[in-house]
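Here is what each chain is made of, one letter per residue.
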Amino acid sequence: MESCVRLLLVTFPGQGHINPGLQFAKRLVKMGVEVTYATAFSALNRMTKSATTPPGLTFFGYPDGHDGWEMDNMDHQMEELKRRGSEAVAKLITSQAEKGKPFMHVVYTTLIPWAGQIAHDLHVPSTFLWIQPATILDIYYYYLNGYGDSIGKNMNDPSWSLELPGLPPVTGSDLPSFLLASNTYNFALPLLKQHFDMLDAQNNPKVLVNSFDALESGALRAIEKLNLVAIGPLIPSAFLGGKDPSDNSFGGDLFQDSKAYIKWLDSKPSESVIYAAFGSYSPIAKQQMEEIAQGLLACGRPFLWVVRATEEEKLSYKEKLEQQGMIVPWCSQVEVLSHPSIGCFMSHCGWNSSLESLVSGVPIVAFPQWSDQVTNAKLIEDVWKTGIRVKPNQDQIVEGDEIKRCIEWVMGGDEMRTNAKKWKDLAREAGKEGGSSDKNLKTFVDEVRARKVE
């Protein structure tokens, strides 16, 4: 009997890549594809502690020289990841072929173009999986293909606005932080350029995108040279109205019994709780933590605030905060956002969090920090109209009064809530069996199978 299609998925070892990568792999497995998920041990160790592994999905880890990502040492860590990852992935592909179990296709995520290069060098077809919105990919592409000088000269002019083909107008404050003069992460743009150079060398290159057609119809078709194919939202199917209740988690560190915060949410009225979480990476300054605390307290509303264990010492009002709300070091975010007591989400606007809020129908107080987050916040406020973006003061601190203002605006905003419910329905429509994203992914799998037959 003919063996099934075997695919290698290689992801960058960051939480924003792990989560959609795991959901992508699970969907492929359901379509009859055997998937090997390769990433660094620093990510794999976190992911497999609580994840349920379906038959057909295996994991492959390799050392990357550290236990976790340090924001002030990213350039060196990226070099180590490339060196060690390239060697390990090449050996894996070669050894599997020698065993008579070759990979028929490689899929790789953002920031690791070396994985695609290895596949090319070893004559294995590959596809790029973009785990941010299509709009962000388009902005980077335009910046690197004709618009870089204009953006560089004008981004600090508050009156400047640029209309890129197929995209909403953007100002300097709407651009991904990697394009700004203040950017200190030198690895980012060269890696993005490598991604686009590899795509430019292909005929009709296909890029899989963690988005859905209704959400970004213009951005998905903005660049004629690229075939952007939406296959999202890549979140657990149980939260997209799926039939598999076991598929309700991403995996990750479980710091406490999840029943504690769920029981607490169960005790609160519908749409009454503020959920606040600011991602896995960027540290929040003590002064900013205190302003967030003051803003939450001033609202007088119950809140669930995720504060990383390393940040907890920055809280000056913990006892007072816990009288009004609940502070946890971790939670199952999609489970929380799906809870009926949640009224709004104060978020850093990472793309996973932004998609999860859309799928859950929860409006956002947008609190972006870096990378794609500021652009996601612009889309949330001006395009999808499901939230409002906080305004920092001249020292780039968002004050407690501003936080309170934005929370009250969102909690009382019927239009935002209506829009959020609309996007929830459209997201679920795209992700369900027979929906646009489901069809797009099945077409991709069929193309891989057809290549195998050849």
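Residues numbered from 1 in each chain as written. Predicted model: local features only at pLDDT ≥ 70, side-chain atom pairs only at ≥ 80, totals over all residues. Heavy atoms only, no water.

## What to know about the sheet that holds strand 11 (residues 342–347)
Strand-to-strand pairing in sheets goes through backbone hydrogen bonds, with the strands running parallel or antiparallel. Strands sit in the order 10-9-8-11-12-13 across an open sheet of 6 strands; the sheet is parallel. With one partner strand each, in any of the chains shown, strand 10 (326–328) and strand 13 (387–389) form the two edges of the open sheet. Between one strand axis and the next, the sheet turns through 15° on average, direction left out of account. Helix-sheet contacts for helix 8 (residues 286–299) involve strand 8 (273–277), strand 9 (303–306) and strand 11, and the interaxial angle to strand 9 is about 170°. (Pairing = 2+ DSSP bridges. Helix = DSSP H or I, 4+ residues; strand = E, 2+ residues; numbered from the N terminus. Axes fitted to C-alpha atoms, helices over the stretch in contact; angles between N-to-C directions. Contact = heavy atoms within 4.5 Å.)

## Observations concerning the pattern of salt bridges
Enumeration according to the criterion identifies 19 salt bridges in this entry. Glu-80 is paired through a salt bridge with Arg-84; the nearest N and O atoms lie 3.0 Å apart. Within this pair, Glu-80 and its partner Arg-84 are both found in helix 3 (residues 74–98), separated by 4 residues, close to a single helical turn. The exposure class of Glu-80 is buried, given its relative accessible area of 16%. When its relative accessible area of 29% is taken as the criterion, Arg-84 is described as partly exposed. (Salt bridge = Lys/Arg side-chain N within 4 Å of Asp/Glu carboxyl O. Buried < 20%, exposed > 50% of the residue type's maximum accessible area, 1.4 Å probe, protein only.)

## A short note on the layout of surface pockets
Empty space within the second largest pocket amounts to approximately 1000 Å³. Lining the second largest pocket are 29 residues; nearest its centre among them are Pro-368, Gln-369, Trp-370, Val-374 and Gln-396. Here the lining of the second largest pocket is built from residues that sort into 16 nonpolar, 10 polar and 3 charged. Mapping the lining of the second largest pocket onto the domain boundaries places at least three of its residues in each of domain 1 (5–241 + 432–451) and domain 2 (260–428). (1 Å grid on protein atoms, 1.4 Å probe; cavity = no way out; pocket = protein on both sides within 12 Å on 5 of 7 lines; lining within 4 Å. Points joined across faces, edges and corners; volume = space filled by probe spheres on them. Nonpolar A, V, L, I, M, F, W, Y, C, P; charged D, E, K, R; others polar. Domains from an automatic or database assignment.)

## Remarks on the sheet that holds strand 2 (residues 34–40)
Spatially, the 7 strands line up as an open sheet ordered 3-2-1-4-5-6-7, and their pairing is parallel. Edge positions in the sheet fall to strand 3 (57–62) and strand 7 (227–230), since each has one partner strand and no second. Strand-to-strand, the axes of this sheet are offset by a mean angle of 25°, without reference to chain direction. Here strand 1 (residues 6–10) pairs with strand 2 via 5 bridges, running parallel. Paired with Leu-9 across the two strands is Tyr-37, which belongs to strand 2. Running at roughly 165° to strand 4 (residues 105–109), helix 4 (residues 113–121) makes contact with strand 1, strand 3, strand 4 and strand 5 (126–130) of the sheet.

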